[in-house]
Amino acid sequence: MWSPGTFLLLLLPTVLAFKPSDFKTCSQSGFCRRGRALAERSQEPSSWHSPYSIEPPELSPHQPGFTTNVHSSVYPNIKFVLDVIIHEEGIVRVRMDEENGLRKRYNEATQWALIGEPLLSDDVLWTVDSKKAKAVYGPKKDMELVVDFNPLKITLFRGGVEQVVLNGRGLLHMEHFRTKEDSKLAEHIEGEGQSVLQVNSAAWFEGDTQDAFWDETFSTWTDTKPKGPESLSLDITFPNHAHVYGIPQHATNLSLPSTTGPTARYTDPFRLYNADVFEYLADSPTSLYGSIPLMHAHSATSTVAVFNAIASETWIDIAHVEKGGVETHWISESGILDVFLLPGPTPTDVFTQYAHLTGTAPLPAHWSLGYHQCRWNYVSSDDVRGVQDRFDEDDFPVDVFWLDIEYAEDHKYFMWNKKTFPDPVEMTKDVEAVERKMVIIVDPHLKRSNDYPVYKRASELEVLVKPKNGEGEYEGWCWPGSSSWIDFFHPGSWDFWISLFKTDTIDGQWSWTESTNNVGIWNDMNEPSVFNGPEITMPKDNIHYGGWEHRDVHNINGMLFANHTFQAAEARTDPPRRPFVLTRAFYAGSQRFGAMWTGDNLGTWEHMAVGIKMVLANGVGGMPFAGSDVGGFFGNPEPEMLVRWYVVGAFSPFFRAHAHIDTKRREPYLLEEPYKSLVRDILRLRYSMLPVWYTAFRETSESGVPILRPQYVMFPEDDAGFGIDDQFYVGSSGLLVKPVTEKGVKEVSVYIAEDQVYYDYFTNQPHRPKNRQITLPANLDQIPLLIRGGSIIPTRERPRRSSPLMKHDPFTLRIALDTSGNARGEVYLDDGETYGYGKGDVVWRGFGAESTKRKGKGIGAVRISSVDLAVRTQVGAYDPKNGFARSVGDVRVEKLVVLGLGKKPLSVVLEGGSELEWEFASKDGAGVLVIKDPAVRVVDDWAVVVKLE
């Protein structure tokens, strides 16, 4: 008899390396094959048309939408119903479901994804004729929604131009529920000596074979498919948009390449099916750990998006067509049709519209924006203390130390291995003593052992996922060996999960008393990963709460684990404090509950490069708190690569170094010189810029606009930038970075979309683009980082061991004048821990530089000022003298650095005060003014006037 450890060792070669044979291709997936075959039949030379039509709806002119019956000429006895609703901001929702079918299709995806039912529009005018219904709406009355009755087609127009078309190619197909008897394609009817063949009238549309209708085998696993075929096919076309983005998570370009047609880069569609894919390929449409079914389409004139709220496995074909549009085909295994059309017309509008549906990323705990040090595994309490000591001895800032699975006795999460971690609370408090934090992993699989109180209680509450017969507990294999999984769709699991994280025992129930209220949580393996399951995950015919099969909810499953962990960590204290939760699996709406990372990457240049693209794509998908593991999870990167990867990490919202258990230790203090000092400088740069990052998070928490912004977001009318995904801007700060992701690079060319001056962040050298390019030196000790003219960058330049120790440090403002001599910027501050900001406990300052012209050419004077943005935007019950503002009332602005002055000033004066101390240096006509200690506080209104004549 094998022990669990022996069994796991046999499984690991399959789990710990990417093998194409472990995961399905479209040709190995029955419903994907059927969907692609449908698309192929539509291309045959014939009069192809959609079999779906609708009854003309009964409409009053100003109602927001309608409900009507849908008919299928292929199955006239099957009833479907269609809802078309126009919501505020012009968002259109299209829902279609089978009515009174043999079974119920899964219709609860939006229950988990949306923050609430979207409000209905009160600004719609409908007209109806015999062929179509048309709605006109929008502030300019330039939006039109046209619903054609026969065949059914839905088109969104702006200014008379098609934006998005549903079922324009006739690929809509909702496979209805049926019995095996009903689905016989042909039968012989015997009677009076003759045999009659019944012809299958649906063959022209559905095909003439029952392809994996009732069961399907992949490798050694058989999916029983007790409900039969229930897939959903829909074509979505963007006739006038040549670029599409989104549908994370895939290792591919930001501007998604074709999967069909003459320009196809891949042979398979993009797949959305959360999966544990170790050592994934750096260029592939293969599904990875998370799935957000949101696609943006962009052109120089408009941006639109489609959010297809489906929770089951989905394949998406993309074809870039010659006329400059994009055709997509979405093929899902189960669920209703529930599609939201986001009308834009700008990228910012689309981000905001999606955020109003699914929510935004909340303001994170400030410490979580610092540097995170992790590996599988720090092996003991003494190991953790030793790592912390070495960071301090070598002057490396760090905020967080992480523990992977080996802290847990027999991988029973929450339970410490006392042989190696005899004093977990004391160890954690030793870390916290210098204002740092611990993050500890809690995976979703529970060791099936009655001496494990978490499993025992979950079993007693009957909140574990069930096998296909709906009885008992599903048993699979993961790190502990024999395991079961909590069903977070079950309401009975929610309070139970919250209770586990309490650091005090309540009502005699076991809880994690050997922890502290400051510990962050890492939710890994929540796709879910099942070592002995099909495609290393849970069987699709497992049963969840409500009788839903796992196939119906797979892509949501991991999100609920992280969501409830976030709520549990938040509930540890009263009043609650902002928790930190990192998740590997995610879905639409996951942004409301924490951060994600790009999974088990490799230590290669290719993975470094694609990690940037993946983080950008996640931002497009509404999940901005993202990063890829510095150095790669697998492998032993050379020092040059590691230094470059630290730059990538330092310019990612989530900044963590992580490594596999079989890799060499690679903490930055172990590097030889000069690499050691280079990494120290990079970490210090990140910490100096934390005001920029935190301010950017404030903005995204309100607007949904991503923190890392690709070219098409910043310059939506510049065609040449739509495919660029190796450089990006940081929020609205004006910082533009192009990390080096190739070996041996000495210089880089940065694309600039505007006729504007940009300044080198480190040398202050101004650059004007030539042929839309700026060439920068990029030796290993140089970072291609520019400040856009017109920006003001707030930093804190004092090196500290961790970010909380910077709370009272002074600010430096870099004022990068644009070609008109103006600039603006802002800084946002709060306590970084509580939700006091919602009550107005903030400092939010706007900085400006305004120039007046002199009699001749050039600038006569520059007025640099600080104003209170919180007063102007009425943040909470805001009082400029709120408790937080008083707590940082002594924080100074210690230096102003003004870039772009053409000549030496005559005077620099604090408005209402005296002359200030300053220095001016000029080289090749590029002037830099440094104003030392202007004697102003960050919480106050003030102005400094620089006179040049």
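A look at the overall build of the chain
Reasoning step 1: Scanning the chain for helices and strands turns up 17 helices and 51 strands.
Reasoning step 2: Over its C-alpha atoms the chain spans a radius of gyration of 29 Å, differing by no more than 12% from the 30 Å that the globule rule assigns to 949 residues.
Reasoning step 3: Taking the principal axes of the C-alpha coordinates as reference, the chain spans close to 115 × 70 × 55 Å.
Reasoning step 4: Taking all 949 residues of the chain together, 63% fall into the buried category.
Reasoning step 5: Contacts in the chain between residues at least 24 apart in sequence constitute 70% of all its contacts with a sequence separation of at least 6.
Reasoning step 6: Of the roughly 34900 Å² that the chain leaves accessible, carbon and sulfur atoms contribute 49%.

Describing the sheet that holds strand β30 (residues 581–583)
Reasoning step 1: Sheet architecture is open: 8 strands sit in the order β32-β31-β30-β29-β25-β24-β23-β33, paired in parallel fashion. Taken across any chain shown, the strands that pair with only one partner, and hence form the sheet edges, are β32 (626–627) and β33 (656–657).
Reasoning step 2: Of the pairings in the sheet, the one linking strand β23 (residues 372–373) to β33 comprises 2 bridges and is parallel in character. Within β33, the residue paired with His-372 across the bridge is Arg-656.
Reasoning step 3: Each of β23, β24 (400–403) and β25 (437–441) touches helix α6 (residues 381–393); the most contacted strand, β24, lies at about 155° to it.
Reasoning step 4: Strands in contact with helix α7 (residues 424–432) are β24 and β25; relative to β25, the strand with the most contacts, it is inclined by about 135°.

Focus on helix α14 (residues 690–703)
Reasoning step 1: For α14, built from 14 residues, the straight-helix expectation of 20 Å at 1.5 Å per residue is met to within 8% by its first-to-last C-alpha distance of 20 Å.
Reasoning step 2: With respect to burial, α14 is a largely interior element, 12 of its 14 residues being buried.
Reasoning step 3: Leu-690, Pro-691, Val-692, Trp-693, Tyr-694, Thr-695, Ala-696, Phe-697, Arg-698, Thr-700, Ser-701 and Ser-703 are the residues of α14 that are buried.
Reasoning step 4: Immediately beyond the C-terminal end of α14, within one or two residues, lies Gly-704, with a positive phi of roughly 85°.

Quick look at the sheet that holds strand β26 (residues 445–447)
Reasoning step 1: A sheet is described by the order of its strands in space; here 3 strands give the open sequence β26-β28-β27, paired in antiparallel fashion. This sheet does not close on itself; its edge strands, each paired only once, are β26 and β27 (476–478). On average, each strand axis in the sheet is tilted by 60° relative to the strand beside it, whichever way the strands run.

Let's talk about unusual backbone geometry
Reasoning step 1: With omega at 15°, the peptide bond leading from Gly-344 into Pro-345 counts as cis.
Reasoning step 2: Located in the positive-phi region is Asn-100, a residue other than glycine, with phi close to 55°.
Reasoning step 3: Here Asn-100 shows up in the loop between β4 (92–98) and α3 (109–113).
Reasoning step 4: What makes Asn-100 exposed here is its relative accessible area of 69%.
Reasoning step 5: You will see that Glu-535, though not glycine, has its phi angle at about 55°, which is positive.
Reasoning step 6: Inspection of the secondary structure assignment puts Glu-535 in the loop between β29 (520–523) and α10 (550–570).

Structural notes on the environment of Ala-861
Reasoning step 1: Relative to the helices and strands, Ala-861 is located in strand β46 (residues 859–868).
Reasoning step 2: On the basis of relative accessibility, which here comes to 16%, the residue Ala-861 falls in the buried class.
Reasoning step 3: Excluding residues that lie within four positions of it along the chain, Ala-861 makes contacts with Glu-850, Ser-851, Thr-852, Val-946, Lys-947 and Leu-948.

Side note on the pairing of strand β7 (residues 143–148)
Reasoning step 1: Where strand β6 (residues 132–137) meets β7, 6 bridges bridge the pair, whose relative direction is antiparallel. Its bridge partner lying in β7, Val-136 is registered against Glu-144.
Reasoning step 2: In this antiparallel pair of consecutive strands, β6 and β7, the connection spans 5 residues, and Gly-138 shows a positive phi of 100°.
Reasoning step 3: Pairing between β7 and strand β8 (residues 153–158): 6 bridges, direction antiparallel. Directly across from Met-143, in β8, lies its bridge partner Arg-158.

Side note on α7
Reasoning step 1: By the burial criterion, the buried members of α7 are Pro-424, Val-425, Met-427, Thr-428, Val-431 and Glu-432. End-on, the buried residues of α7 take up no more than an arc of 160°, which puts them together on one face.
Reasoning step 2: Those residues of α7 hidden inside the fold are in contact with α6, β24 and β25.

A look at the packing of helix α11 (residues 605–620) against helix α12 (residues 639–650)
Reasoning step 1: Where α11 contacts α12, the two axes come as close as 11 Å, and the packing angle between them is 5°. Considered as vectors, α11 and α12 are oriented roughly parallel to each other. Where α11 abuts α12, its residues Trp-605, His-607, Met-608 and Ile-612 lie against Glu-640, Met-641, Arg-644, Trp-645 and Val-648.
Reasoning step 2: Grouping the constituent residues of the contact of α11 with α12 by class yields 6 nonpolar, 1 polar and 2 charged.

Quick look at the side chain of His-173
Reasoning step 1: Tracing the sequence through the fold places His-173 in strand β10 (residues 173–174).
Reasoning step 2: Side-chain polar atoms of His-173 contact the side chain of Tyr-52, separated by 3.0 Å.
Reasoning step 3: Dropping the residues within four chain positions of it, His-173 is found in contact with Leu-38, Tyr-52, Phe-205, Glu-206, Ser-231, Leu-232 and Ser-233.

Quick look at the state of the cysteines
Reasoning step 1: What the rule picks out here adds up to 1 disulfide.
Reasoning step 2: Between the sulfur atoms of Cys-26 and its disulfide partner Cys-32 the distance amounts to 2.0 Å. An S-S torsion of about -100° defines the bridge between Cys-26 and Cys-32 as left-handed.
Reasoning step 3: With relative accessibility at 3%, the residue Cys-26 sits in the buried group.
Reasoning step 4: Of the cysteine sulfurs around Cys-374, a residue in no disulfide, the closest is that of Cys-478, at 17 Å.

Let's talk about the side chain of Asn-542
Reasoning step 1: With respect to the secondary-structure elements, Asn-542 resides in the loop between β29 and α10.
Reasoning step 2: The class of Asn-542 is buried, set by a relative accessible area of 2%.
Reasoning step 3: Dropping the residues within four chain positions of it, Asn-542 is found in contact with Val-465, Lys-466, Pro-467, Lys-468, Tyr-474, Trp-548, Glu-549 and His-550.

Section: the layout of surface pockets
Reasoning step 1: Each pocket or cavity is described by its volume, and for the largest pocket that value is around 570 Å³.
Reasoning step 2: Lining of the largest pocket is provided by 36 residues; of these, Asp-681, Ile-682, Arg-684, Leu-685 and Phe-762 occupy positions nearest its centre.
Reasoning step 3: For the lining of the largest pocket, the secondary structure elements donating two or more residues are α6, α12, α13 (675–688) and β40 (773–777).
Reasoning step 4: If you tally residues by element for the lining of the largest pocket, the top one is α13, at 7 residues.
Reasoning step 5: Residue classes in the lining of the largest pocket are distributed as 19 nonpolar, 4 polar and 13 charged.

Here we look at the pattern of salt bridges
Between side chains of opposite charge, a pair can form when the charged atoms approach closely.
Reasoning step 1: Tallied over the entire structure, the rule returns 65 salt bridges.
Reasoning step 2: Across the pair Arg-578 and Asp-830 runs a salt bridge, and its minimum N-O distance is 3.1 Å. One end of the pair, Arg-578, is in the loop between α10 and β30; the other, Asp-830, is in the loop between β44 (823–829) and β45 (843–853), with 252 residues separating them in the sequence.
Reasoning step 3: According to the relative accessible area criterion, Arg-578 is buried, its value standing at 6%.
Reasoning step 4: Residue classification places Asp-830 among the buried positions, given a relative accessible area of 9%.
Reasoning step 5: We note a salt bridge from Asp-600 to Arg-584, for which the minimum N-O separation is 3.2 Å. Taken together, the residues Asp-600 in the loop between β31 (595–597) and α11 and Arg-584 in the loop between β30 and β31 connect sequence positions 16 residues apart. Like Arg-584, Asp-600 is buried.
Reasoning step 6: Each member of the salt-bridge network shares a partner with another, and the members are Asp-223, Lys-227, Glu-230, Arg-271, Glu-313, Glu-333, Glu-535, Lys-540, Glu-549, Arg-551 and Asp-552.

Thresholds applied
Residues numbered from 1 in each chain as written. Predicted model: local features only at pLDDT ≥ 70, side-chain atom pairs only at ≥ 80, totals over all residues. Heavy atoms only, no water. Helix = DSSP H or I, 4+ residues; strand = E, 2+ residues; numbered from the N terminus. Rg over C-alpha atoms; globule rule 2.2 N^0.38 Å. Buried < 20%, exposed > 50% of the residue type's maximum accessible area, 1.4 Å probe, protein only. Contact = heavy atoms within 4.5 Å. Areas by Shrake-Rupley, 256 points an atom, 1.4 Å probe, with all protein chains shown as cover. Pairing = 2+ DSSP bridges. Axes fitted to C-alpha atoms, helices over the stretch in contact; angles between N-to-C directions. Expected span 1.5 Å × (residues − 1). Arc of directions from axis to C-beta. Parallel < 35°, antiparallel > 145°, perpendicular 65-115°, else oblique. Nonpolar A, V, L, I, M, F, W, Y, C, P; charged D, E, K, R; others polar. Polar contact = N/O pair within 3.5 Å; in protein donor to acceptor, adjacent residues only side chain to side chain. Disulfide = S-S within 2.5 Å. 1 Å grid on protein atoms, 1.4 Å probe; cavity = no way out; pocket = protein on both sides within 12 Å on 5 of 7 lines; lining within 4 Å. Points joined across faces, edges and corners; volume = space filled by probe spheres on them. Salt bridge = Lys/Arg side-chain N within 4 Å of Asp/Glu carboxyl O.

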